[in-house]
Amino acid sequence: MNTTATADFATLTTPAGPFTALVDSEGAVLAAGWTADAENLRGLIHPTLRPAALRERAALGAVTKAVTDYHAGDLTAIDPITVRQQSGPFLVHAWEVLRKIPAGDPVTYTEYAARSGRPEAVRAASNACARNAAALFVPCHRVLRTDGTLGGFRWGLEVKRWLLDHEA
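Note that the structure is predicted; figures quoted are calculated from it, not measured. (Residues numbered from 1 in each chain as written. Predicted model: local features only at pLDDT ≥ 70, side-chain atom pairs only at ≥ 80, totals over all residues. Heavy atoms only, no water.)

Caption draft 1: Main features of the overall build of the protein chain. Secondary structure summary: the protein chain contains six helices and six strands in total. Along the protein chain, helices (α) and strands (β) appear in the sequence β-β-β-α-β-α-α-β-α-α-β-α when read from the amino end. Computed over C-alpha atoms, the radius of gyration of the protein chain comes to 15 Å, within 12% of the 15 Å expected from 2.2 N^0.38 for 168 residues, which places it in the range of a compact globule. Scored against the burial criterion, the 168 residues of the protein chain give a buried share of 49%. A separation of at least 24 residues holds for 56% of the contacts in the protein chain among residues at least 6 apart in sequence. Total accessible area on the protein chain stands at roughly 7800 Å², and carbon and sulfur atoms take up 52% of it. Of the side-chain charges in the protein chain, 17 are positive and 17 negative, and the distance between the mean point of each set is 5 Å. (Helix = DSSP H or I, 4+ residues; strand = E, 2+ residues; numbered from the N terminus. Rg over C-alpha atoms; globule rule 2.2 N^0.38 Å. Buried < 20%, exposed > 50% of the residue type's maximum accessible area, 1.4 Å probe, protein only. Contact = heavy atoms within 4.5 Å. Areas by Shrake-Rupley, 256 points an atom, 1.4 Å probe, with all protein chains shown as cover. Lys, Arg positive; Asp, Glu negative; His and termini not counted. Charge placed at Lys NZ, Arg CZ, Asp CG, Glu CD.)

So, in structure tokens, the structure goes:
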């Protein structure tokens, strides 16, 4: 069942490219990323949370302010924003762990797996990053390969590099 019949979305211009966020009726982020394609973002949302319709807004209040402030240099502006994602217990926990990785202090997938309580589950930790619908607010860009290279990122390695440089 959909908890949100209609989600609001707004797209902002950022130094890393267009950034769109979708929020539910309570203002919680359901999906976000460096794209102007809100419909693509809607498809990333777990079916139990996925809104039936989207409504464009000029801004999304606290979410828009946090995105603007983050890109302007306040790297903690995204921290208090509520995110709503759904999956199995490990992924939900792993996303909570991602939110605790400080800006400017990236970790490896191995370290991330250990912080998530399953040090042997490096692939599962990687999967948590790949399945994260709420980029920026759940900062999967802060996880790197063991050799220090970027690894993958849904929004492109150029964006991931920009974010890491911005946070350094």
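Caption draft 2: A look at the packing of helix α3 (residues 89–98) against helix α5 (residues 122–130). Their axes nearest at 9 Å, the elements α3 and α5 cross at an angle of 75°. In terms of orientation, α3 lies roughly perpendicular with respect to α5. Residues Phe90, Leu91, Ala94, Trp95 and Leu98 of α3 pack against Ala124, Ala125, Asn127, Ala128 and Cys129 of α5. Considering only residue class, the contact of α3 with α5 consists of nine nonpolar, one polar and no charged. (Axes fitted to C-alpha atoms, helices over the stretch in contact; angles between N-to-C directions. Parallel < 35°, antiparallel > 145°, perpendicular 65-115°, else oblique. Nonpolar A, V, L, I, M, F, W, Y, C, P; charged D, E, K, R; others polar.)

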